[in-house]
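# Per-entry structural report
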Amino acid sequence: MIIIMEPHASDEQINKVVNRVQELGLKAILNKGEIQTVVAVIGDETSKVPSTDVFDELSGVFRTERVQVPFRLASRTFKKEDSVYEIIPGVKIGGNEDLLVMAGPCSVESEEGIMQTAHAAKAGGAKVLRGGAYKPRTAPRTFEGLGELGLKLLKQASKETGLAVVTEIMDIRDLDLVCEAADIIQVGARNMQNFSMLNELGKSKKPILLKRGMSSTIDEWLLAAERIIHHGNERVILCERGIRSFDSKYTRNVLDLAAIPVIKQLSHLPIISDPSHGTGKTAYVKSMTLASVATGADGLIIEIHPDPENALSDGPQSLKFHQFYDLMEEVKQVRSLVKPMYSPKKSPAGV
Ligand code: PEP
Ligand code: MN
């Protein structure tokens with residue numbers, strides 16, 4: 001961490017800063033320029049200085065900047081090798097494992113629909129069935145999911161197909177119920193900074209799919225992951241699902257593809273891409289899926305539906321089954337081309 005003093009800060013102001021650093025059990029090294037002084041702080045600042053405010057509020061301080069990344073447990077510095085998790089026996093994600101495809105409807109709508117979709121997901125090569133039982137909907141009086149029945153149907157579909165299940169938790173009071181059906185618990189974009197929920201999920205044993213908040217920075221996202229790990233659950237999977245920008249006329253969100261190599265450089269956690277929410281339009285799902293694979297994503301989560309036009313949520317971004325099958329063939333080709341380039345020793349970020 002460095003503390004940059006204001007131009008011509010007095011010796012008294014500089015000494016106060018140095019004393020504060022030392023009181024916190026850290027070492028201060030002064031770098032005196034002709035106009036400005038910079039105080040370098042040496043030591044384990046993450047636990048001793050939870051907020052840079054302690055220095056920023058002192059008189060004569062211009063700005064305090066952390067040099068180390070603010071997340072520790074989620075960082076590459078803490079763990080150099082890619083994290084790999086086994087979701088269910090034989091199904092893994094991360095590192096050198098196969099690309100993990102999760103597919104299914106936005107929401108579980110009916111028994112027939114989810115069974116059909118689960119078989120289609122499996123036929124296309126997915127190993128995980130997605131489907132919301134509790135849906136975050138902006139407008140009230142829209143379909144908010146089948147709740148407990150939806151979870152039961154997911155469990156039934158999983159039993160019938162052998163697919164693992166990923167489903168979203170909306171209320172931490174449903175944790176036990178959700179855990180009965182889910183092999184991966186999804187935290188949606190809207191809950192990425194629901195800190196009390198993240199704390200509780202840290203105590204769970206299930207892997208957590210942490211979607212990026214729609215206006216969250218990469219640091220905020222990794223700090224949300226850090227919180228889950230800090231509370232005891234190391235198995236966090238990140239999901240880039242697009243962020244809000246100024247132009248939502250043609251795409252629902254802006255799928256931040258660059259976030260994939262950035263995360264690979266900063267963190268050991270696996271990262272998957274959600275081109276369905278990332279674009280909001282079926283027409284663009286294919287290209288963004290292939291691009292995500294090309295950037296080194298560890299997996300994909302894709303919305304598919306037997307009849308997108310009549311879906312109860314997110315029909316406009318869902319693929320029909322035949323579109324999903326075709327896409328999966330192309331995914332295999334791109335993956336086989338890029339995989340040798342992205343082996344752990346040569347990750348997308350060259351770390
Ligand atoms: C979803 O996966 O259907 C969903 C609601 O995603 P997000 O939280 O990314 O909007
Ligand atoms: Mn959806």
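Just so we're clear, the structure is a prediction, and the values are computed from it rather than from any experiment.

About the cut-offs
- Residues numbered from 1 in each chain as written.
- Chains lettered and ligands numbered in written order.
- Predicted model: local features only at pLDDT ≥ 70, side-chain atom pairs only at ≥ 80, totals over all residues.
- Heavy atoms only, no water.
- Helix = DSSP H or I, 4+ residues; strand = E, 2+ residues; numbered from the N terminus.
- Rg over C-alpha atoms; globule rule 2.2 N^0.38 Å.
- Buried < 20%, exposed > 50% of the residue type's maximum accessible area, 1.4 Å probe, protein only.
- Lys, Arg positive; Asp, Glu negative; His and termini not counted.
- Charge placed at Lys NZ, Arg CZ, Asp CG, Glu CD.
- Near = heavy atom within 4 Å.
- Polar contact = N/O pair within 3.5 Å; in protein donor to acceptor, adjacent residues only side chain to side chain.
- Areas by Shrake-Rupley, 256 points an atom, 1.4 Å probe, with all protein chains shown as cover.
- Nonpolar A, V, L, I, M, F, W, Y, C, P; charged D, E, K, R; others polar.
- Domains from an automatic or database assignment.
- Contact = heavy atoms within 4.5 Å.
- Pairing = 2+ DSSP bridges.
- Axes fitted to C-alpha atoms, helices over the stretch in contact; angles between N-to-C directions.
- Donors = N, O, S within 2.8 Å, 3.2 Å for Na, K, Ca; no water.
- 1 Å grid on protein atoms, 1.4 Å probe; cavity = no way out; pocket = protein on both sides within 12 Å on 5 of 7 lines; lining within 4 Å.
- Points joined across faces, edges and corners; volume = space filled by probe spheres on them.
- Salt bridge = Lys/Arg side-chain N within 4 Å of Asp/Glu carboxyl O.

## Observations concerning the overall build of the chain
A count of helical and extended segments in the chain gives twelve helices and 14 strands. Against the 2.2 N^0.38 benchmark of 20 Å for 351 residues, the chain shows a C-alpha radius of gyration of 23 Å, consistent with a compact globule. Projecting the C-alpha coordinates of the chain onto the three principal axes gives extents of approximately 75 × 45 × 40 Å. Put simply, the chain has 351 residues, and 52% of those count as buried. Charged side chains of the chain number 43 positive and 45 negative; the gap between the two group centres comes to 3 Å.

## Side note on the site of ligand 1
Residues in close proximity to ligand 1 total 13 residues, the closest being Arg130, Lys135, Ala189, Arg190 and Arg241. Between ligand 1 and Gln186, the relevant distance is 3.0 Å, taken from an oxygen atom to a side-chain nitrogen or oxygen of the residue. A distance of 2.7 Å is found between an oxygen atom of ligand 1 and a backbone nitrogen or oxygen belonging to Ala189. Isolated, ligand 1 exposes 300 Å² of accessible area, and the fraction of that covered by the protein chains is 98%. When the residues that make up the shell around ligand 1 are grouped by side-chain class, the tally is three nonpolar, three polar and seven charged.

## Quick word on the domain arrangement of the chain
Along its sequence, the chain is organised into domain 1 (2-65) and domain 2 (85-346). On a C-alpha basis, the centres of domain 1 and domain 2 stand 43 Å from each other.

## Quick look at the environment of Ile229
If you trace the backbone, Ile229 turns up in helix α8 (residues 218-230). Taking the relative accessible area as the measure of exposure, Ile229 reaches 10% and is therefore buried. For the pair Ile229 and Ala28, spaced 201 residues apart in the sequence, the C-alpha separation amounts to 31 Å. Those residues in contact with Ile229, other than ones at most four positions away along the chain, are Leu73, Ala74, Glu234, Val236 and Leu269.

## Digging into the sheet that holds strand β4 (residues 61-65)
Spatially, four strands are ordered β2-β3-β1-β4 in an open sheet, and the strand pairing comes out antiparallel. What marks the edges here is a single partner per strand, and that holds for β2 (27-32) and β4. Pairwise comparison of adjacent strand axes, ignoring direction, gives a mean angle of 20° for this sheet. In this sheet, strand β3 (residues 37-42) lies alongside β2 in antiparallel orientation, the contact comprising six bridges. When the bridges of β3 are listed, Leu30 appears paired with Val39.

## Digging into the coordination of the manganese ion (ligand 2)
Every protein donor of the manganese ion (ligand 2) is listed here as Cys106 (SG), His277 (NE2), Glu303 (OE) and Asp314 (OD), and their distances to the metal cover 2.0 to 2.4 Å. Mapped onto the sequence, the donors of the manganese ion (ligand 2) take the spacing C-x170-H-x25-E-x10-D. A residue pair is termed long-range when its members are at least 10 positions apart, and Cys106 in the loop between β7 (100-104) and α4 (111-124) and His277 in helix α10 (residues 275-279) qualify at 171 residues. Exposure remark for Cys106: the relative accessible area of 3% places this residue in the buried category. Looking at His277, the relative accessible area reads 8%, which means it is buried.

## Description of the layout of surface pockets
Unoccupied space between atoms shows up once a probe the size of one water molecule is rolled over them. Considering only enclosed or pocket space, the largest pocket measures out at about 570 Å³ in volume. As for the largest pocket, its lining consists of 18 residues, of which Thr46, Pro70, Leu223, Glu226 and His230 are closest to the centre. Of all the elements in the fold, those that place two or more residues in the lining of the largest pocket are α2 (45-48) and α8. Here the lining of the largest pocket takes six residues from α8, the largest share from any one element. For the lining of the largest pocket, the per-class residue count stands at seven nonpolar, five polar and six charged. Each of two domains, domain 1 (2-65) and domain 2 (85-346), supplies a minimum of three residues to the lining of the largest pocket.

## Considerations on empty space enclosed by the protein
Across all of its chains, the model carries two cavities of 30 Å³ or more by this definition. Put simply, the second largest cavity is a space of about 30 Å³. Class assignment for the residues of the lining of the second largest cavity results in one nonpolar, four polar and three charged.

## Comments concerning the pattern of salt bridges
What the rule picks out here adds up to 16 salt bridges. Across the pair Arg76 and Asp82 runs a salt bridge whose closest N-O atoms are separated by 2.6 Å. Neither residue differs from the other here; Arg76 and Asp82 are each classed as buried. Between Lys332 and Glu329 there is a salt bridge, and its shortest N-O distance comes to 3.1 Å. Separated by three residues within a single helix, Lys332 and Glu329 lie in helix α12 (residues 321-338), roughly one turn from each other. For Glu329, a relative accessible area of 45% corresponds to the partly exposed category. Salt bridges sharing partners connect three or more residues here, namely Arg212, Glu240 and Asp256.

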